[in-house]
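A look at the structure
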Amino acid sequence: LLLLIDYLFGYFVRNTLIEDAYFERYGENGVALHFQNPGSWDEELKTSYVYVMCPWISKYQWHAFTIFPEPRKKNHTMLCIANSGDWTKAMHEKIKAPCIRPLYVLGPYKSQFSDTAITTSNAIAVASGIGITPTLSLVLNYAGKKRINIVWMCRDPGLVEYILHKVDIAAITAKSFAFIFYTGTRELALPKTLPLNVFIFKSRPHLEHTLTGIITAIHSGEGLPEEMYELQKAVANTPFHKRMKMALSRVVEIYDESEMFEYAVEKTEKEAVSRIPSLDSSDFTDD
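What you are looking at is a predicted structure, and each value in this text was computed from that prediction instead of being measured.

Conventions used here
- For every chain, the first residue of its written sequence is number 1, and the numbers climb from 1 along that sequence.
- Given that this is a predicted model, residues contribute local features only at a pLDDT of at least 70 and side-chain atom pairs are listed and counted only at 80 or more, while totals for whole chains, interfaces and linings are drawn from all residues.
- Heavy atoms from the whole structure form the basis of all side-chain values; hydrogens and water molecules are not counted.
- Strands here mean DSSP runs of E at least two residues long; helices mean DSSP runs of H or I at least four residues long; both are numbered from the N terminus.
- Note on contacts: a residue pair qualifies if any of its non-hydrogen atoms lie within 4.5 Å across the two residues.
- All accessible-area figures derive from a Shrake-Rupley calculation using a 1.4 Å probe, and residue coverage is judged against the displayed protein chains alone.
- Only when DSSP finds a minimum of two bridges between them are two strands counted as paired.
- Note on terminology: a nonpolar core comprises buried Ala, Val, Leu, Ile, Met, Phe, Trp, Tyr and Cys residues joined through side-chain atoms within 4.5 Å.
- Per-residue accessibility, obtained with a 1.4 Å probe over protein chains only, is compared with the maximum for each type, and a residue is labelled buried under 20%, exposed over 50%, and partly exposed between these values.
- Interaxial angle, 0 to 180 degrees, is taken between N-to-C directions of lines fitted to C-alpha atoms, where a helix line uses only the stretch in contact.
- Under the pairing criterion, centres of Phe, Tyr and Trp rings, with the six-membered ring standing for Trp, must be within 6.5 Å; the plane angle then separates stacked pairs below 30 degrees from edge-to-face pairs above 60, leaving the rest tilted.

1. Some details on the overall build of the protein chain
A tally of regular secondary structure across the protein chain gives 9 helices and 11 strands. Considering only contacts within the protein chain whose residues lie at least 6 apart along the sequence, 70% involve residues at least 24 apart. For the protein chain, the exposed area adds up to about 18100 Å²; of that, 56% sits on carbon and sulfur atoms.

Laid out in structure tokens, this is it:
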């Protein structure tokens, strides 16, 4: 009776029609949807999941998905839905181009990762494929409170690209590591710059080495993201004239004076010949 009352309360009270949800494909094998949070939702959602029903696919099927705060819009939510079954395949086929369609959302319900999943100040979250969605939601929930390192294995290039372009992983893992092991075949179209604490490998992980490496770095305090950021900040803030001096001193250490002189002469000759076709190298003398 209690379960029935809880179900009826959720279905009639927490069931919300979203009339203008935005759908788009995030790659070759999935759909991302975005919508504004209903007024009954809390402003700061914990790690949660919702049941979704799309009447234009089936009026009787409800499917659970982890929700994640929209990175670029306040009070908005996004979901990533991988093509892994009949219902998700039908959605992927219908969303041939970005569009706005209605759907019903039941929830949200707190997941097991909401409050007591992480009992230590340092943790490692291992995810595969679409499992990165609840993982990022978990990390966001504890951002600034705990150090949660991410180990993500994925073969879907579209999902990897979508997450890296849409989600500011550096902001929510500022004091943690994020290791992405991409096992797909297509080359990734990555952002121009990746955060210093995000590493991408085109291979399967050796989990024992990866996890023990993270644990060793945390216990020893060496090679942590904070040190990387400080080193990068120091380089970025170095004045231009000082960077030039450092570069010149490095060149002097690598080449001696005669080698640099010969290189300069060789380049000068080539530049002159390219500008004046009638010249050749014999026109230049040792004088």
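Here the narrative resumes.
2. Thoughts on the environment of tryptophan 87
Relative to the helices and strands, tryptophan 87 is located in helix α2 (residues 86–94). The spatial distance from the C-alpha of tryptophan 87 to the C-alpha of glutamine 61 is 8.3 Å, given a sequence separation of 26 residues. With residues near it in sequence (within four places) discarded, tryptophan 87 still touches Val52, Cys54, Ile57, Gln61, His63 and Phe65.

3. Observations concerning the sheet that holds strand β6 (residues 76–82)
Spatially, β4-β3-β7-β1-β2-β6-β5 is the arrangement adopted by the 7 strands of the open sheet, whose pairing is antiparallel. The open sheet has two edge strands with one neighbour each: β4 (63–66) and β5 (68–69). Pairing geometry for β5 and β6, over 2 bridges, is antiparallel. The partner of proline 69 across the bridge, within β6, is threonine 77.

4. Considering the nonpolar core
In terms of nonpolar packing, the biggest core is built from 30 residues, with Leu136, Trp152, Val160 and Ile163 touching the most fellow members. Mapped by element, the contributors of at least two residues to this core are β6, β8 (122–128), α3 (132–141), β9 (147–154), α4 (157–166), α5 (169–172) and β10 (178–182). Per element, the largest residue contribution to this core is 5 residues, and it comes from α4. Beyond its immediate chain neighbours, meaning those up to four positions away, isoleucine 163 contacts Ile132, Leu136, Trp152 and Ile169. The next biggest cluster of nonpolar side chains, apart from the first, holds 21 residues, and it includes Phe23, Val31, Val52 and Cys99.

5. Description of the environment of arginine 72
Summarising the element assignment, arginine 72 is placed in the loop between β5 and β6. A sequence separation of 96 residues divides arginine 72 from aspartate 168, and the C-alpha atoms of the two residues are 9.4 Å apart. Apart from the residues lying within four places of it in its own chain, the contact partners of arginine 72 are His165 and Lys166.

6. So, the sheet that holds β9
The pairing of strands in a sheet comes from backbone hydrogen bonds and takes either a parallel or an antiparallel form. One open sheet holds the 4 strands; their spatial order is β8-β9-β10-β11, and the pairing between them is parallel. Each having just a single partner strand, β8 and β11 (198–201) make up the two edges of the open sheet. With strand direction ignored, the average angle separating the axes of adjacent strands in the sheet is 15°. Relative to β11, β10 runs parallel, the two sharing 4 bridges.

7. Some words on the packing of aromatic side chains
One pass over the full model with this rule turns up 11 aromatic pairs. On the basis of an interplanar angle of 20° and a centroid distance of 6.2 Å, the ring pair of phenylalanine 179 and phenylalanine 201 is categorised as stacked. On the criterion of sequence distance, the pair formed by phenylalanine 179 in strand β10 and phenylalanine 201 in strand β11 is long-range, its members being 22 residues apart. Exposure remark for phenylalanine 201: the relative accessible area of 32% places this residue in the partly exposed category. Ring geometry for phenylalanine 181 versus phenylalanine 201: centroids 5.0 Å apart, planes at 20°, classification stacked. Of the two residues, phenylalanine 181 is situated in strand β10 and phenylalanine 201 in strand β11; the sequence distance between them amounts to 20 residues. Feature note: the residues Phe177, Phe179, Phe181, Phe199 and Phe201 constitute an aromatic cluster, connected by ring pairs.

8. Side note on the pairing of β10
Counting buried positions along β10 yields 5 of 5 residues, so the element is predominantly enclosed. Residue alternation in β10 divides its side chains into two sets, Ala178, Ile180 and Tyr182 and Phe179 and Phe181, and both sets are buried. Of the strand pairs in this sheet, β9 and β10 are connected by 5 bridges, and their pairing is parallel. For cysteine 154, the partnering residue across the bridge sits in β10 and is tyrosine 182.

9. Observations concerning unusual backbone geometry
Note that the residue after glycine 107, namely proline 108, is joined by a cis bond; omega there is 10°. In this structure, proline 108 sits in strand β7 (residues 99–110). Backbone geometry places asparagine 75, a non-glycine residue, at a positive phi of 60°. Note on placement: asparagine 75 falls in the loop between β5 and β6.

10. What to know about α3
For α3, the buried fraction is high: 8 of the 10 residues fall into the buried class. Burial in α3 covers these residues: Ile132, Thr133, Thr135, Leu136, Ser137, Leu138, Val139 and Asn141.

11. Looking at the side chain of threonine 135
Counting through the fold element by element, threonine 135 comes out in helix α3. By relative accessible area, which is 8% here, threonine 135 ends up buried. If we skip the residues at most four places from it in the chain, threonine 135 touches Ala125, Ala127 and Ile150.

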